[in-house]
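# Geometric and topological summary
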Amino acid sequence: MIKPDFSYLYDGLPYKQAENNPIKTTVNKREFTEFNAVEWNVFYENTSSENSKILSNIYDCDVLLDLPEYARPSPALRITEEAPKIIWMQGCVEGDAYSFNDERSAQEFAFQTDYLFENGMRKAYENNKGRSSDQIMPYFEIACSGKGYIAAIGWTGCWRVEFKREKTRIHMKAGLRCAEFYLKPMEKIRTATILIMSYDAKENRYNMFRDLIKTYYTPKISAKEHPGVLAALLWGSLPSNEMTNRIKKLYSGGAKFEEYWIDAAWNGQSANSENTFDGSWADEIGNWAFNKDIHPDQLRNVSKAAKDAGAALMLWFELEHATNITPIVKEHPEYFINNGEKFLLLNLGSEAAWAYAFNLLKTYFNMLDLRCYRQDFNIPPDIPWEFADRPGRRGITEIYHILGLYKLFDALLCEFPDLIIDNCASGGRRLDIEMLKRSVTLYRSDYQCIPNPDPDVTNTHNTNISRYLPATGCSTKLKMDLYAARSTYSASWGYSGYATAACSMSEEEIQWLSEVVAEYISIRKYFLGHFYNFGSDKLDPSAWVIWQYHDVSSDEGMIMAFRRKNSPNAEASISLNEIDGEYAFYNLDTKENFIGGRNLNIKLPRKYSSTIIVYKKAGTSEIE
């Protein structure tokens, strides 16, 4: 197990060599021995009565990672998998690609490999514009000859990580990208959290990491068995009476959702905001008064209708910023960082601004008995943070904002123990471990916002992100399309095809949706289990996509298989993992029961079709 270590310069010198260094450092460490993993973060405190000198080159992680020996046989030979390498994961891409570039959109969560095949080679990575999984995810595998490490950076702002090959070791340094500051007398701050799990060649490393994330970085929700949401979207500009009608119609038709999710445009004076792409809803961010023309009783009747349907409300806010025309900006400009832009950042590092945010949310949660709070964040915060920094204090605004964000989520969860926080930031642009342990993610990508998403983009996303993260989410809006719905099934799942005034659903469509919801509920427990991919991890219309999810505790699981639209093959054969002996299988589509073992043959006669097969140990009970 790695021994935590860090480094920084104090007044330009390594901190251990600097004379009269008043900075006290405290390392908070957690060991997860069952996973060969350790987590730590570092607190920096100025113990003197004067401003400190400048802290710079701050690395919360400064460690040497031992790897097997490797010597490149010849410069002329192709680099092989045995070479030392860094495997990194693409984050969310630029949002304007979603509407016209499926190839680019499908790259989200794809894996790339950089080889450090010569001594002294370096690689460095950093996220984009201040959201932790924008353009690149904060997860890295460092490997050589089957042994290695999986590392995660827990910081919801700007981070940077560097790797350097030093013979049989990789020198890893990670921390905040924009940090160079003095500390005031008695000031104490903390920076990034580091998680490193080591593995050897015989270990099931990706499922070890999934189990680690599930056990220690996934919320435990006492009110629900499953740490996620099952939500139907109601767009915020839909009038309250129509919202209640739709809830009743879905419920009476058998579509048993657990949350009714009210998204943007419920607030302020949003005009002509019929969907995500229309109207002035974005101009009203920061004005959290109800739009009385469409919600005269402030959603109370909608909350009651949800309860009568055995569900609860889920409400969207974009709390961390406001437009410069909203009342709160005029009444309390000191709450915001105003760098001359239309959208101002709420400064969660300010005690007054933090108290405003907490009390605002608390009021709504109590009034509407919310089960789920959806926090969106659609602006890059790095420029406002840098604007607000004072000379000699670069990075301090960001640090206090991010720590204020964690404090806000922790305080809400303490005040409302059954609350689910849905972490949205233009989709999944904040998927670091600090956010994972406090929240779920219904939208891992905003690709699903567009009216006609390609299901094969969403199943490509799931194939890749599931290597590491078990509890992300997705949604569909396509009706009567089981292939599309199954392509979005995840630990959290939503339906958005009945959300706006332009949407309608016939009895036949609601019956179809009720069957989809029932199917999803029957299998969702498996999404937190071990994950194996047997099909394509790229957007290839001629390929199959095949997943196995296995629940170790019950020795059961499922296989999900998709024959894409141009695949010439009507059959696929796979060898299942973690299967020993005979198992009872049940095909959810053909209703066929059969006994089998590791080797499974799957038939899909039609192109653009799918199937789900569940299994358990033979002799335990019949599957239906």
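Placed above this text is the structure.
Now for a description of the structure that goes with this document. All figures in this text were calculated on a predicted structure; none of them were measured in a lab.

## Considerations on the overall build of the protein chain
A tally of regular secondary structure across the protein chain gives twelve helices and 34 strands. Over its C-alpha atoms the protein chain spans a radius of gyration of 25 Å, differing by no more than 12% from the 25 Å that the globule rule assigns to 624 residues. Its C-alpha atoms put the protein chain at 75 × 70 × 45 Å along the principal axes. Expressed as a percentage of the 624 residues in the protein chain, the buried residues total 60%. Sequence-distant contacts in the protein chain: of pairs separated by 6 or more residues, those separated by 24 or more amount to 72%. Within the structure as shown, the protein chain displays about 24300 Å² of accessible surface, and the carbon and sulfur contribution to it stands at 47%.

## Here's the deal with the nonpolar core
Within the largest apolar cluster, 162 residues are counted, with the highest numbers of intra-cluster contacts made by Ile196 and Phe257. Ranked by residues supplied to this core, first place goes to helix H6 (residues 351-368) with ten residues. Once residues lying within four places of it in the same chain are set aside, the contact partners of Phe257 are Leu230, Ala231, Ala232, Leu250, Ala309, Gly310, Ala311, Trp493, Tyr495, Leu513 and Val517. Core analysis: the next-biggest nonpolar cluster, separate from the first, contains 36 residues, Ile150, Met197, Met208 and Ile465 among them.

## Remarks on the sheet that holds strand E22 (residues 372-375)
Each strand in a sheet pairs with another by means of backbone hydrogen bonds, the pair being arranged parallel or else antiparallel. An order of E24-E22-E18-E17-E16-E26-E25 is seen for the seven strands of this open sheet, with the pairing classed as parallel. Both outer strands of the open sheet, strand E24 (420-423) and strand E25 (473-476), are each paired with one neighbouring strand and no more. With direction set aside, neighbouring strand axes in the sheet form an average angle of 25°. In terms of strand pairing, E25 meets strand E26 (residues 492-495) through four bridges, oriented parallel. Paired with Gly473 across the two strands is Ser492, which belongs to E26.

## Quick notes on the environment of Gly120
Looking at the element boundaries, Gly120 is found in the loop between strand E8 (111-115) and strand E9 (122-126). As a C-alpha pair, Gly120 and Phe163 span 43 residues in sequence and 9.8 Å in three-dimensional space. If we skip the residues at most four places from it in the chain, Gly120 touches Lys164 and Arg165.

## Digging into unusual backbone geometry
Residue Asp11 is not a glycine yet carries a positive backbone phi of 55°. Residue Glu578 is not a glycine yet carries a positive backbone phi of 60°. Relative to the helices and strands, Glu578 resides in the loop between strand E30 (571-575) and strand E31 (583-587).

## Remarks on the packing of helix H3 (residues 240-252) against helix H4 (residues 300-308)
Packing of H3 against H4 leaves a shortest axis separation of 9 Å and a crossing angle of 5°. When the axis of H3 is compared with that of H4, the two are roughly parallel. Along its contact with H3, which presents Ser240, Asn241, Met243, Thr244, Ile247 and Tyr251, the element H4 presents Asn301, Val302, Ala305, Ala306 and Asp308. Of the residues that constitute the contact of H3 with H4, the class distribution is six nonpolar, four polar and one charged.

## A short note on the sheet that holds strand E3 (residues 23-32)
The sheet built from seven strands is open, its strands ordered E3-E4-E15-E11-E10-E7-E8 with antiparallel pairing. Across the chains shown, the open sheet's two edge strands, defined by having one partner strand only, are E3 and E8. Each adjacent strand pair in this sheet contributes to an overall mean axis angle of 20°, direction not counted. Relative to strand E15 (residues 188-199), strand E4 (residues 37-46) runs antiparallel, the two being bridged by eight bridges. Bridged to Val38 within E15 is Ile196. Seen against the sheet, helix H2 (residues 205-216) touches E3, E4, strand E7 (85-90), strand E10 (136-144), strand E11 (147-154) and E15 and runs at an angle of roughly 140° to E15.

## Overview of the packing of H6 against helix H8 (residues 396-415)
Viewed as axis vectors pointing N to C, H6 and H8 meet at an angle of 30°, and their least axial separation amounts to 11 Å. When the axis of H6 is compared with that of H8, the two are roughly parallel. The chirality of how H6 crosses H8 is right-handed. Note on element contacts: H8 touches H6 through Gly404, Lys407, Leu408, Ala411, Leu412 and Glu415, opposite Trp354, Ala357, Phe358, Leu361, Lys362 and Phe365. Among the residues making up the contact of H6 with H8, the classes are represented as eight nonpolar, one polar and three charged.

## Quick notes on H4
For H4, every residue scored as buried is listed here: Val302, Ser303, Ala305 and Ala306. Taken end-on, H4 shows its buried residues confined to a sector of 160°, consistent with a single buried face. Facing away from the buried side of H4 by over 90 degrees, the exposed positions are Lys304 and Asp308. Structurally, H4 contributes buried residues whose contacts are with H3, strand E17 (259-262), strand E18 (312-317) and H6. Among the residues trailing H4, Gly310 stands out with phi positive, at a value near 70°.

How each quantity is defined
Each chain has its residues counted from 1, running along the sequence as written. Note on the predicted model: pLDDT of at least 70 is required for a residue's local features to be given, and 80 or more for side-chain atom pairs to be given and counted; whole-chain, interface and lining totals, by contrast, use all residues. Hydrogen atoms and water are omitted, and side-chain values are computed over all heavy atoms in the structure. A run of DSSP states H or I qualifies as a helix once it reaches four residues; a run of E qualifies as a strand once it reaches two. Both are numbered from the N-terminal end. Taken over C-alpha atoms, the radius of gyration is set against a globule rule of 2.2 Å times the number of residues to the power 0.38. Each residue is placed in one exposure class: buried if its accessible area under a 1.4 Å probe, protein chains only, is under 20% of its type's maximum, exposed if it is over 50%, and partly exposed if it falls in between. It only takes one pair of heavy atoms within 4.5 Å for two residues to be counted as in contact. All accessibility values rest on the Shrake-Rupley procedure with a 1.4 Å probe; residue burial counts only the protein chains present in the view. What we call a nonpolar core is a set of buried Ala, Val, Leu, Ile, Met, Phe, Trp, Tyr and Cys residues that are connected through their side-chain atoms within 4.5 Å. By definition, two strands form a pair when at least two bridges between them are found by DSSP. An axis is simply a line fitted to the C-alpha atoms; with a helix, the fit covers only the stretch in contact. Between two such axes, the angle follows the N-to-C directions and lies from 0 to 180 degrees. Any angle from 65 to 115 degrees is called roughly perpendicular, while one under 35 is roughly parallel, one over 145 is roughly antiparallel, and all others are oblique. Residues are sorted three ways: Asp, Glu, Lys and Arg are charged, Ala, Val, Leu, Ile, Met, Phe, Trp, Tyr, Cys and Pro are nonpolar, and all the rest, Gly among them, are polar. Crossings are classed by handedness, with left-handed meaning an anticlockwise turn of the near helix from the far one by less than a right angle and right-handed meaning a clockwise turn. Note that the arc is defined by the directions from the helix axis to the C-beta atoms.

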